[in-house]
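Descriptive analysis of the structure
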Amino acid sequence: YVSVREVVISGCAQGLEVGYGGPVVHADSLLLLHNAVGIRYGCDYPTGHRGVLRLTRAVAVNNSDSDYVNAFPEAPHTRPWKVSMECSLVGAAQALLALEQWARCGGCGG
């Protein structure tokens, strides 16, 4: 189990990656920007992947390749039930709407 809280991740190939083996990652209050990929779930390692990602109050914007990648190479589909995002913003196109919603719910603290 890994807990990440109140962090800015910038200038990396992968900002936050849950990709090798079976990590359970809970991340709260993150800003991920100016990485190649902001958030990545899944991997292409031969060992498979059983991980879980739970994000709360995360913002991933302005990453060069993608703000979010859900890649699960062992099957022809992704596994969205292994990833949850609450009160989070992913992608510049959603920025204004998400920030307005965030402000209405008191920064998701209420």
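Structural data are supplied above this passage.
These remarks concern the structure in this document. (Residues numbered from 1 in each chain as written. Predicted model: local features only at pLDDT ≥ 70, side-chain atom pairs only at ≥ 80, totals over all residues. Heavy atoms only, no water.)

1. A closer look at the sheet that holds strand E2 (residues 14-18)
What the 3 strands build is an open sheet, ordered E2-E4-E6; its pairing is parallel. Across the chains shown, the open sheet's two edge strands, defined by having one partner strand only, are E2 and strand E6 (66-70). Each strand axis lies, on average, 5° off the axis of its neighbour in the sheet, ignoring direction. As judged from the 4 bridges shared by E2 and strand E4 (residues 37-41), these two strands associate in the parallel manner. Residue pairing in the sheet places Glu17 in a bridge with Arg40 of E4. (Pairing = 2+ DSSP bridges. Helix = DSSP H or I, 4+ residues; strand = E, 2+ residues; numbered from the N terminus. Axes fitted to C-alpha atoms, helices over the stretch in contact; angles between N-to-C directions.)

2. Some words on the pairing of E4
Of all the 5 residues making up E4, 5 are buried; the element is thus mostly covered by neighbouring parts of the structure. The pairing of E4 with E6 spans 4 bridges and is classified as parallel. The residue bridging Arg40 from the neighbouring strand is Val69, located in E6. (Buried < 20%, exposed > 50% of the residue type's maximum accessible area, 1.4 Å probe, protein only.)

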